[in-house]
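Understanding the architecture of this molecule
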Amino acid sequence: MKAVIMAGGFGTRLRPLTNNLPKPMVPMVNKPMMEHIIELLVRCKITDLISLLYFHPEMIENYFGDGSKFGVKMTYVGASDDLGTAGSVRNAREHLDKPFLVISGDLLTDFDLVKAIEFHRKKKAKATMVLTRVENPLPFGIVITNEDGRIDRFMEKPGWGEVFSDTINTGIYILEPEILDLIPANQEFDFSKDLFPLLLERKEPLYGYIADGYWKDVGSLDEYRHANLDILHGKVKVNIPGEEVGRPGVWLGKDSRVDFTCKLEGSVVIGANCRIGGNCRITDSIIGDNSAIEEGATVISSIIWDNVSLGQKAALQENVVASRSDIREGAYLAEGAVISDNCRIGKASTVKAGVKVWPHKIVEDGATLASSLIWGEKWSKNIFGPYGVTGLANIEISPEFAAKLGAAYGASLRKGSTVSTSRDAHKTSRMINRAIMTGILSTGVNIHDYGVTPMPVVRYLAKSGNEVGGVHTRRSPFDTDVIDLKFFDNKGLNLHPNQEKAIERLFFREDFRRARMEETGEMIFPVHGFEYYQNGFMSSIDAEAIQKANFKVLLDYAYGSSSRIFPAILGKLNCNVIALNANLDGTRITKTAEDFQNSLDQLSSIVRSLRADIGVMLDAGGEKIFLVDENGDILDGDAQLNLITLLAMKSYQRTGAGGKGQGASPNTKNFGVGAREKENAPNSKLSTQPSIAVPVTASMIIDQMADIYDFSVKRTKTTTRGMMETAMEQGVVFVGEHTGGFIFPQFQPAFDGMYAIVKILEMMAKKDIRLHQLLREVPPSFMIKEKAPCSWEMKGRIMRHMMEDSRDKTSELVDGIKVIFDKAWVITYPSQDQSYFHVVAEAATMDKAKDLAREYREKIAKWQK
């Protein structure tokens, strides 16, 4: 008799183990499931086999070849379409000229198939179904036979009200070749749904043989693990690879070594060429070929495939770990966690119960993974990064993730408090924003939802209203596939790291406060938010000065939400504004580097053509600006920072101070809404030396200009939060950085591109100057910015060496290590989210700057060796 092995299944229910592997090739005690089926057929003297292939056929063909290695003759039949179980067998008709057996290649059984074949022949059946009895027949096809074994009734996957028997169809059939005449060619046709009901209808001799022995349909991840354990406990008769050594129940493969201090408890199978370290504990588990388990690791009731590495003191409990995965030192996999192939679970990380990790994923050192990692590349230890919460849209930042994060955020706040939510115009931002809102509301925290609103507006409203903070959802300005979540506090500042940590702890512990039905949060849609912002805005500028200047301004809104509010403000300032890209378009708010440069080039060209006084591009979020001067020259980031800093110094210098602005008449108009605003208004009589703040990486030119205009310079960290905190300090009138972010604290201590534009116009009007004219007053200097590659684990070592190297030099430790020389400096600091160091050098000549940058880049390379 021939046998047909159904080996084309996708194994959907065994994912992620079967993402890159056909289900028949999934290992059972270190052999593919299909190999156990072949060994069963050989024991039953069936050696002429036809394998029906569909999903990853090459893996099966490459492993089994012509079958001679396994004592059989193997023929393969592929299919271009899914034809169903019976249709697939019909596709192999040319090989089936006599009675044949059909069996699935992805089940586990030790039935005596010879007895089933004898029964078939004795009954002269056209088709015989091999049956078995189970405790729960619901997932299977129920079969009722008469006393003679003939099938009276057949029902596929019944409900409990239709369960008339505990006898089920095992998917093993013995068929006469003429049965194939009833199966249509090249058409989907199933044994259970189509063929067998047809045989019953035609009253053909359809019999059922109730077999004794073990049978399991490996239809889920739990069943897969239990099937392996059943083999270990002797419940099913299969050939276990390796030799039984020491005591019954322990099998050891060729060339494997187990340290004498290792405890092997229960039944254990260790594959070939494995290394098991000292003081390990392995209980009722299977270890695949070429795997290494280091000292002190614990493996309980788990299945480890081949080429897996398990670090020191790692702990597995009721898990499955697929091939070529690396479970590092101190990692813990909780009950039911499944790790697919080619994954890395970092040191001291935790994968929580029931979590599934898809292939080629990374869980970072110390991270806690509480939900399945399917599409993203990795799961970080921290949710918050240097730019807020950032991830692939609808993959890493999914609605489920957002709702959970919203609940963690809400749980970190007092019940009954209020936060704001806002977003950009993209439809995915809307979806994620709604998901965050549901999580927040579930904790009893109220929401003011401002919808599509620039981020500076909601920051200002948080500072001025009764909101304790907020979250803004936007599409990344740099990557079309990424969503950013920006959280801020009641001052409009980015969250303090301590608050970020508190939210992360709640997220990973899943320890969310749940409000009772009458205490869930309330959602409100404020209608006067824009008006409140606009009033505050207008009260802190000198509108009259701008109106008199009659500026011609070219403004690119970059399709962002600022176009909803800024035109109304500019309309009150008598500016001739030529607006570009002023319509909301969520699909165009992200710019590649090429798109960005093209936009600036277009802005430059139009400024020249129209002879505008200034050209400005707002970023889509309304926070940062990029300038083109009246000659149409594009200002790079550092030149822009130097220029606007000089303009601020000229405008805010104390009356009577030295410098080119000496003797300017004080401006007595009250532009602010409070004592500090009055003190910090341009050209007001400041009682103390005013300060400007710039990052530690900003040019030394700023210090030279500060000496001229009697300003103190505060050097800040390169982080947004660091600059915002400095903006809150007394006496600080301006904060700027080289990527287009400017803060004027008299209005709010946050980046606000709209306010920055108007403030620049005001200062230009009062000084009767344009940017290109002003550029002549900026001293020359040369700056080099480079990146030095450095792995994450080496960053601490490099910083230590850098500290030792700078001990006898003049240095600053604001952010990274800045070494100061005569008319030159160099700073090195590690990237917050990439594996490299920033190296920035400035000097009076380009050659000197290049030499400094090269010297410190080479030091970083040397110290990594």
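Please refer to the structure higher up on the page.
Residues numbered from 1 in each chain as written. Predicted model: local features only at pLDDT ≥ 70, side-chain atom pairs only at ≥ 80, totals over all residues. Heavy atoms only, no water.

**Some remarks on unusual backbone geometry**
Of the consecutive residues Arg15 and Pro16, the connecting peptide bond is found in the cis state with omega at 15 degrees. Here Pro16 lies in the loop between strand 1 (2-6) and strand 2 (27-28). Phi at Arg324 takes a positive value of approximately 60 degrees, unusual for a residue other than glycine. By the secondary structure assignment, Arg324 is in the loop between strand 25 (320-321) and strand 26 (326-327). Backbone geometry at Asn581 places phi at a positive 50 degrees, although glycine is not the residue there. As for its position among the elements, Asn581 is in the loop between strand 42 (576-580) and helix 14 (593-610). (Helix = DSSP H or I, 4+ residues; strand = E, 2+ residues; numbered from the N terminus.)

**Comments concerning the environment of Ile276**
Residue position: Ile276 is located in strand 18 (residues 275-276). For Ile276, the residues in contact, after removing those within four places along its chain, are Arg257, Val258, Asp259, Cys262, Ile270, Ile282 and Ile293. (Contact = heavy atoms within 4.5 Å.)

**Details of the packing of aromatic side chains**
For the structure on display, the rule yields 24 aromatic pairs. A cation over an aromatic ring shows up here: Lys404 above the ring of Phe507, its NZ or CZ 4.5 Å from the ring centre. One cation-aromatic arrangement involves Lys848 over Phe821; the distance from NZ or CZ to the ring centre is 5.9 Å. (Phe/Tyr/Trp six-rings, centres within 6.5 Å; stacked < 30°, edge-to-face > 60°. Lys NZ or Arg CZ within 6 Å of the ring centre and 35° of its normal.)

**Some words on helix 1 (residues 33-43)**
Taken across its 11 residues, helix 1 has 9 buried, putting it largely inside the fold. Among all positions in helix 1, only Met33, Met34, Glu35, His36, Ile37, Ile38, Glu39, Leu40 and Leu41 are buried. (Buried < 20%, exposed > 50% of the residue type's maximum accessible area, 1.4 Å probe, protein only.)

**What about the packing of helix 7 (residues 399-411) against helix 8 (residues 427-441)?**
The description of two helices packed together rests on the angle between their axes and the distance between the axes. At a closest axis distance of 6 Å, the pairing of helix 7 and helix 8 adopts a crossing angle of 40 degrees. Classified by the interaxial angle, the pair formed by helix 7 and helix 8 is oblique. Seen along the crossing, helix 7 lies across helix 8 with a hand that is right-handed. Of the residues in helix 8, those touching helix 7 at Pro399, Ala402, Ala403, Gly406, Ala407 and Tyr409 are Met431, Ile432, Ala435, Ile436, Thr438, Gly439 and Ile440. (Axes fitted to C-alpha atoms, helices over the stretch in contact; angles between N-to-C directions. Parallel < 35°, antiparallel > 145°, perpendicular 65-115°, else oblique. Left-handed = near helix turned anticlockwise from the far one by under 90°.)

**Quick word on the state of the cysteines**
For the structure shown, the criterion picks out 0 disulfides. We note that Cys262 lacks a disulfide partner, and the nearest cysteine sulfur, in Cys280, lies 5.0 Å from it. Note on Cys262: relative accessible area 11%, which makes it buried. Take Cys343: it sits in no disulfide, and the sulfur closest to it among the cysteines is that of Cys274, at 19 Å. Assessed through its relative accessible area of 3%, Cys343 is described here as buried. (Disulfide = S-S within 2.5 Å.)

**Description of the packing of helix 1 against helix 2 (residues 57-64)**
Helix 2 packs onto helix 1 with a crossing angle of 50 degrees between their chain directions and a minimal axis gap of 11 Å. Compared by their axis directions, helix 1 and helix 2 come out oblique. For the pair helix 1 and helix 2, the crossing hand works out as right-handed. The segment helix 1 lies against helix 2, with Met34, Glu35 and Ile38 engaging Ile60, Tyr63 and Phe64.

**A word on the sheet that holds strand 42**
Reading across the sheet, the 4 strands line up as 42-41-43-44 and stay open at both edges, with mixed pairing between neighbours. Every interior strand has two partners, whereas the edge strands, strand 42 and strand 44 (625-628), have only one. The mean angle between the axes of side-by-side strands here comes to 20 degrees, regardless of whether they run parallel or antiparallel. Relative to strand 43 (residues 614-618), strand 41 (residues 552-556) runs parallel, the two being bridged by 4 bridges. In the strand pairing of strand 43, Val553 is matched with Ile614. Contacting strand 41, strand 43 and strand 44, helix 19 (residues 753-767) crosses the sheet at an angle of about 165 degrees to strand 43. (Pairing = 2+ DSSP bridges.)

**Digging into empty space enclosed by the protein**
As enumerated under the stated definition, the model contains 3 cavities of 30 Å³ or more in all. Roughly 80 Å³ of volume is contained in the largest cavity. Tallied by class, residues from the lining of the largest cavity come to 3 nonpolar, 2 polar and 4 charged. (1 Å grid on protein atoms, 1.4 Å probe; cavity = no way out; pocket = protein on both sides within 12 Å on 5 of 7 lines; lining within 4 Å. Points joined across faces, edges and corners; volume = space filled by probe spheres on them. Nonpolar A, V, L, I, M, F, W, Y, C, P; charged D, E, K, R; others polar.)

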